[in-house]
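Spelled out, the chains give:
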Amino acid sequence: MTTVQQQSSLPPEEPGSESALGRYLLLQKAGGLVAPLITAILAFLIGGVVVFATTKSVPETLQTYRAIFEGAGLDWFLPWNTCADPCAPAVKLEQTLLVWVPLVLTGIAVAFAFRCGLFNIGGQGQYLAGAIAGVIVGAELPLRVDLAPLPLILLCMVAATLAGATLAAIAGFLKATVGAHEVITTIMLNWIVIWVGTYLFGFDGPLQNDQAAEIPVSNNVADEAKITQAGVWGHPDLQGLPWISLGVAFASLVIYSLLLNRTTLGYEVRAVGFNPEAARYGGISVARSYVLAMGIAGGFAGMAGALDVLGWKFRLDTTDFSSTIGFIGIAVALLGRNTALGVGLAALLFAALQTGTSTRNLDPEIFPPELATPLTIIIQGLIVLFVGADIVILLLLRRLRTGRRARVAA
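Predicted, not measured: the structure shown is a model, and the values here were computed from it. (Residues numbered from 1 in each chain as written. Predicted model: local features only at pLDDT ≥ 70, side-chain atom pairs only at ≥ 80, totals over all residues. Heavy atoms only, no water.)

**What to know about the environment of T324**
Right, so step 1: Structurally, the position occupied by T324 is in the loop between α11 (286–313) and α12 (325–335).
Right, so step 2: In this structure T324 comes out as partly exposed when scored by relative accessible area, which is 41%.
Right, so step 3: Here the alpha-carbon distance between T324 and G123, two residues 201 residues apart in the chain, equals 9.6 Å. (Helix = DSSP H or I, 4+ residues; strand = E, 2+ residues; numbered from the N terminus. Buried < 20%, exposed > 50% of the residue type's maximum accessible area, 1.4 Å probe, protein only.)

Below is the structure:
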């Protein structure tokens, strides 16, 4: 009797065949939340040196960080904090959450593409494309068609999502067909969106505001398209946060996690990110994964632009094209280790930094207002720097854990 051995359909593994990205992602997974926490702590410690050089006192340095914490409204969560209406910490917190919402969505846009082995630098352009599409539909369509608020809001959101998705899918298509690197193509697409928006809403542009010819700004979205009509959190007279924006941000984190970890598409995306050649050998279309991953990522960023336009901006001007929401989303994804929980927490950290150091929230008697914005940029830059060098932190954590297991076994 003979035994027929069936050969495996996979090629034999060779030493070192695992991609560098795959090994890095495994180290990130092993590091858990400890590594990004250490990264943030190191950034704040070195940022404290800058604060100390300004204040010349350790107590004043600690007081500055406390003022940033309170300026972001994070003390609202403290159980012993009581305040009258309007509550100052609540007002500051809703300003932080207004920034948190687009940072979450642009962070997801970078994280999802990165899980497919793609570095999406185009979050800013995709965010602006969504904002442009949202303001065009929200401001121009009601002039021609009479729509109820809900259908109009949905049309604005769909148009913005498709605009961001299409822009990002172009970069994915170029990567899949001619091998054009996504970093180069997304940067070029960013500038294309910026100059298209400048043409549309700039002086004598075809969509410049009809009532303000001296200002390069778009028409305001119709009242029916404003999602603030669906309710706000906080004080509505003080630029409240729409519940829809907050709900979409939380829902996006859940959808991102489920899509990546519980669907066939997510499995294919992660497989291509670990090793494109092995994924192709296993029957996965790498080109299709590139286009879909970038398209889905761009959809999240485009949705962020629509939420800002419909929720509190209500129009676009040429100064909006110099914002850095999409670029900060890159740091959010890197610090959050491309996980849903990590992206949410990292976005809260960056949003709190931006709000807590603003001149209207940071007490000028504690820290000079003119140095507040540079302090934010320094801390953000340090976080990105340590994230870029987090392989050292991950390897140290791995060595410590290996040494502890060896001692326990001995």
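**Remarks on the packing of aromatic side chains**
Right, so step 1: Taken as a whole and assessed by the stated rule, the structure comprises five aromatic pairs.
Right, so step 2: Where F112 meets Y256, the ring centres are 6.2 Å apart and the plane angle is 65°; that geometry is what we call edge-to-face. Placement of F112 in helix α4 (residues 88–115) and of Y256 in helix α8 (residues 243–261) is noted, with a sequence separation of 144 residues between them. Each member of the pair, F112 as well as Y256, carries the same accessibility label: buried. (Phe/Tyr/Trp six-rings, centres within 6.5 Å; stacked < 30°, edge-to-face > 60°.)

**Considering the environment of L334**
Right, so step 1: If you trace the backbone, L334 turns up in helix α12.
Right, so step 2: The class of L334 is partly exposed, set by a relative accessible area of 22%.
Right, so step 3: Measuring from C-alpha to C-alpha, the distance between L334 and I383 comes to 9.5 Å, with 49 residues separating the pair along the chain.

**A few points about the side chain of Q126**
Right, so step 1: Take Q126: it is sitting in helix α5 (residues 123–140).
Right, so step 2: Of the polar contacts made by the side chain of Q126, one reaches the side chain of N120; its length is 3.1 Å.
Right, so step 3: Once residues lying within four places of it in the same chain are set aside, the contact partners of Q126 are A109, N120, G164, L167, A168, N190, A297, G298, A301 and G302. (Polar contact = N/O pair within 3.5 Å; in protein donor to acceptor, adjacent residues only side chain to side chain. Contact = heavy atoms within 4.5 Å.)

**Focus: the packing of α5 against α11**
Geometrically, a packed helix pair is captured by the angle between its two axes and the distance between the axes.
Right, so step 1: The N-to-C vectors of α5 and α11 enclose an angle of 50°; their axes lie 7 Å apart at closest approach. When the axis of α5 is compared with that of α11, the two are oblique. Viewed along their axes, α5 and α11 form a crossing whose handedness is right-handed. On the side of α5, the interface is formed by G123, Q126, Y127, G130, A131, G134 and V135, while α11 contributes A297, G298, A301, G302, A304, G305, A306, D308, V309, L310 and K313.
Right, so step 2: In terms of residue class, the contact of α5 with α11 is built from nine nonpolar, seven polar and two charged. (Axes fitted to C-alpha atoms, helices over the stretch in contact; angles between N-to-C directions. Parallel < 35°, antiparallel > 145°, perpendicular 65-115°, else oblique. Left-handed = near helix turned anticlockwise from the far one by under 90°. Nonpolar A, V, L, I, M, F, W, Y, C, P; charged D, E, K, R; others polar.)

**Details of a nonpolar patch on the surface**
Right, so step 1: Taken together, the side chains of L37, I41, L42, L45 and I46 make up a nonpolar region of the molecular surface, amounting to roughly 440 Å² of accessible area.
Right, so step 2: Residue position: L45 is located in helix α2 (residues 34–55). (Patch = residues over 30% accessible without salt bridge, like charges linked within 9 Å, V, L, I, M, F, W, Y side chains within 5 Å. Areas by Shrake-Rupley, 256 points an atom, 1.4 Å probe, with all protein chains shown as cover. Salt bridge = Lys/Arg side-chain N within 4 Å of Asp/Glu carboxyl O.)

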